[in-house]
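Single-letter residue listing:
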Amino acid sequence: MAAAHRPERAIMTELPIEDLQKTREQLREAIREARGTLKDLRHETKAARDLADTTRRLITELAETQVRDLLHTEVTRQVTALGEETQRQMSKATAKVISEFDKLRDILLGHDQVADGRKERSIPDFLEDPAILSRARRAAHRNTGAGRG
């Protein structure tokens, strides 16, 4: 039986050398193409990674820039609104304090209302009157001279 197998081996080894060389060249060509394809694939993979990195960087920069601009705009708007509201409230509070001092002045001077036709003055106007200032200085001087202040 061993002899029967030998002829088959001989037939396989007796393939024409041209066919073997042709097959070998085809395989070499396929290997070259595979290597070229692998090289192209590596190049495209690298390009895709670079593009992804660049895209991430651009998105981050855009987000930071836009967020920073939006944040700056919103903070500026709110600070301006706060300043305006603070000014309104300060004016309102100042007017209320002046009104209360005017009432106090009327009580201290014995006037419930100005009945003699004079123009009613506010405390700040009242304090700018040289006659009132002079009386206040004399009163303060008398109080310091008497050991009260």
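Source: prediction; values computed, not measured.

A. The overall build of the protein, seen in detail. Counting its regular elements, the protein contains four helices and zero strands. For the protein, the succession of helices and strands along the chain, N to C, is α-α-α-α. A burial count over the protein gives 5% of its 149 residues as buried. Here the protein displays about 13700 Å² of accessible surface, and carbon together with sulfur accounts for 60% of that area.

B. Up close: the confidence of the model for the protein. Of the residues in the protein, 78% reach a pLDDT of 70 or more, and the chain-wide mean stands at 82. Of all secondary-structure elements in the protein, the lowest mean pLDDT belongs to helix 1 (residues 2-13), at 51, while helix 2 (residues 17-109) reaches the highest, 92.

C. Broad picture of the pattern of salt bridges. Within this structure, the stated rule accounts for eight salt bridges. Note that Glu29 is salt-bridged to Arg32, the shortest N-O span being 3.0 Å. With a gap of three residues between them, Glu29 and Arg32 both fall in helix 2, about one helical turn apart. The class for Glu29 is partly exposed, based on a relative accessible area of 34%. The partner of Arg56 in a salt bridge is Asp53, and the shortest N-O contact between them spans 2.8 Å. Residue Arg56 and its partner Asp53 are located together in helix 2, separated by three residues, close to a single helical turn. You can call Arg56 exposed: its relative accessible area is 52%.

D. Region of interest: a nonpolar patch on the surface. Together, Val67, Leu71, Val75 and Val79 make up an exposed nonpolar region whose accessible area comes to about 360 Å². Summarising the element assignment, Val79 is placed in helix 2.

Definitions and cut-offs
Going along each chain's sequence as written, the residues are numbered from 1 onward. Local features are withheld for residues below a pLDDT of 70 in this predicted model, meaning they are given only at 70 or higher, and side-chain atom pairs are given and counted only at 80 or more; totals for whole chains, interfaces and linings count all residues. In computing side-chain properties, one takes all heavy atoms of the structure into account and sets aside hydrogens as well as water. For the purposes of this entry, the term helix denotes a DSSP run of H or I that reaches at least four residues, the term strand denotes a run of E that reaches at least two, and both are numbered from the N terminus. Type-normalised accessible area, obtained with a 1.4 Å probe on protein chains alone, sets the label of each residue: buried when under 20%, exposed when over 50%, and partly exposed for intermediate values. To measure how exposed things are, a 1.4 Å probe is used in the Shrake-Rupley method; for residues, cover is taken only from the protein chains shown. Confidence scores per residue from the predictor, reported as pLDDT, run from 0 to 100. Within this document, salt bridges are pairs made up of a side-chain nitrogen of Lys or Arg and a carboxyl oxygen of Asp or Glu, the two lying within 4 Å of each other. Patches here are clusters of residues that have more than 30% relative accessible area and form no salt bridge, with a 9 Å joining cutoff for like charges and a 5 Å cutoff for nonpolar side chains (Val, Leu, Ile, Met, Phe, Trp, Tyr).

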